[in-house]
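Listed below are the residues making up each chain.
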Amino acid sequence: MNKIKILDCTLRDGGYINDWDFKDIHIAKILKALDNSHIDIIECGYLDDKKGAKNNSTLFDSTATADKVLASLSKSDAQKVIMINLGDFDAKNLPPKEKTSIDGIRLAFHKKDIDKAFETAYKIKELGFKLYFQPMVTKNYKDIEFLSIIEKTNELNPYAFYIVDSFGSMTLDEFHKYLILAQNNLNSSISLGYHSHNNMQLAFSNAISMCNQNLKREIIID
């Protein structure tokens with residue numbers, strides 16, 4: 001059977017609606033609600049050392065700033081995750097895992113930046129973080145290209161690898177194609193995640209279909 005985990009990205013992806021202008025008091029309330037709901041993985045925002053703020057935002061300038069808002073989750077069993085868009089935050093500015101309350105880092109990148117993404121991913125892993133490896137716009141990858149990135153991902157051995165429907169345009173048949181390719185070629189120890197937007201109202205049905213597959217691995221639904 002699949003072990004299904006839920007990742008909530010309200011404070012991160014939701015920032016595209018309000019320009020990450022979450023007041024600190026509202027961040028605390030959202031985090032408390034998510035913890036009370038027993039969400040498995042809480043994504044608290046972005047790291048951005050160019051545009052990040054020190055307060056009242058989930059676009060953080062550093063892990064130290066993120067740690068301040070995550071203090072309320074110190075006794076929570078939820079994984080605390082933060083995203084880096086490749087190029088927006090220098091991995092050299094990351095502390096070792098033991099010096100922050102952040103458990104995992106989701107690294108998002110475009111197809112043209114694959115080599116740099118793997119280089120950064122290895123640095124993140126060396127620091128001790130759980131790595132969520134997210135090649136954006138999965139539909140941009142031809143089958144052979146998707147298999148190639150899976151092969152390299154197996155060598156990297158991240159905590160999770162993602163199928164990403166960045167524009168909410170993936171039909172069920174298309175989704176199943178990438179799901180089967182990932183299931184048959186991704187190491188079973190690596191969690192398989194699904195991140196979708198809902199432009200064609202298909203995100204939920206695709207997610208339910210994924211949950212109903214007998215994948216025999218941990219899956220993560222955003």
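The text that follows walks through the structure, step by step, so that each part is easy to find. Remember, predicted model here, so these are calculated numbers, not experimental data. Within every chain, residues take consecutive numbers counted from 1 along the sequence as written. In view of the model being predicted, local features appear only for residues whose pLDDT reaches at least 70, and side-chain atom pairs are presented and counted only at 80 or more, with totals across whole chains, interfaces and linings using the full set of residues. Hydrogens and water are ignored here; the side-chain numbers use all heavy atoms of the structure.

Once that is clear, we can look at the packing of helix 5 (residues 114-126) against helix 6 (residues 143-156). Each pair of packed helices can be described by the angle between their axes along with the distance between the axes. Between helix 5 and helix 6, the shortest axis-to-axis distance is 11 Å and the interhelical angle comes to 20°. Between helix 5 and helix 6, the angle is such that the two are roughly parallel. Here helix 5 and helix 6 pass one another in a crossing that is right-handed. Listed contacts from helix 6 to Ile114, Asp115, Phe118, Ala121, Tyr122 and Lys125 of helix 5 are Ile149, Lys152, Thr153, Glu155 and Leu156. Looking at the contact of helix 5 with helix 6, its residues break down into six nonpolar, one polar and four charged. Every axis in this analysis is a line fitted to C-alpha atoms, fitted for helices over the stretch in contact. Angles between the N-to-C directions lie between 0 and 180 degrees. Helix and strand assignments come from DSSP, with helices taken as H or I runs of at least 4 residues and strands as E runs of at least 2, each series counted from the N terminus. Angles are sorted into four bins: roughly parallel if under 35 degrees, roughly antiparallel if over 145, roughly perpendicular if 65 to 115, and oblique for all others. Each crossing is labelled by how the near helix is turned from the far one, with a counterclockwise turn of less than a right angle marking it left-handed and a clockwise turn marking it right-handed. The contact criterion used throughout is that any non-hydrogen atoms of two residues lie within 4.5 Å. Amino acids are sorted into nonpolar (Ala, Val, Leu, Ile, Met, Phe, Trp, Tyr, Cys and Pro), charged (Asp, Glu, Lys and Arg) and polar (every other residue, Gly among them).

Moving on to the packing of helix 7 (residues 172-185) against helix 8 (residues 203-212). Packing of helix 7 against helix 8 brings their axes to within 10 Å, and their N-to-C directions diverge by 40°. In this view, helix 7 runs oblique relative to helix 8, as classed from their interaxial angle. In the packing of helix 7 onto helix 8, the handedness of the crossing is right-handed. Of the residues in helix 8, those in contact with Leu172, Phe175, His176 and Leu179 of helix 7 are Asn206, Ser209 and Met210. Class assignment for the residues of the contact of helix 7 with helix 8 results in four nonpolar, three polar and no charged.

With that settled, consider helix 6. Multiplying one less than the number of residues by 1.5 Å gives the expected span of a helix. The end-to-end C-alpha distance of helix 6 is 20 Å, a good match for the 20 Å that 14 residues give at a rise of 1.5 Å each. Burial classes: relative accessible area under 20% of the type maximum marks a residue as buried, over 50% as exposed, and values in between as partly exposed (1.4 Å probe, protein chains only). When helix 6 is considered as a whole, its buried residues turn out to be Phe146, Ile149, Ile150, Thr153, Asn154 and Leu156. Seen along its axis, helix 6 keeps its buried residues to an arc of 150°; they face one direction. Projecting away from the buried face of helix 6 at angles above 90 degrees are the exposed residues Ile144, Glu151 and Glu155. Where the residues of helix 6 are buried, they touch strand 5 (104-109), helix 5, strand 6 (130-135), strand 7 (160-165) and helix 7. Think of it as the arc spanned by the lines of direction from the helix axis to the C-beta atoms.

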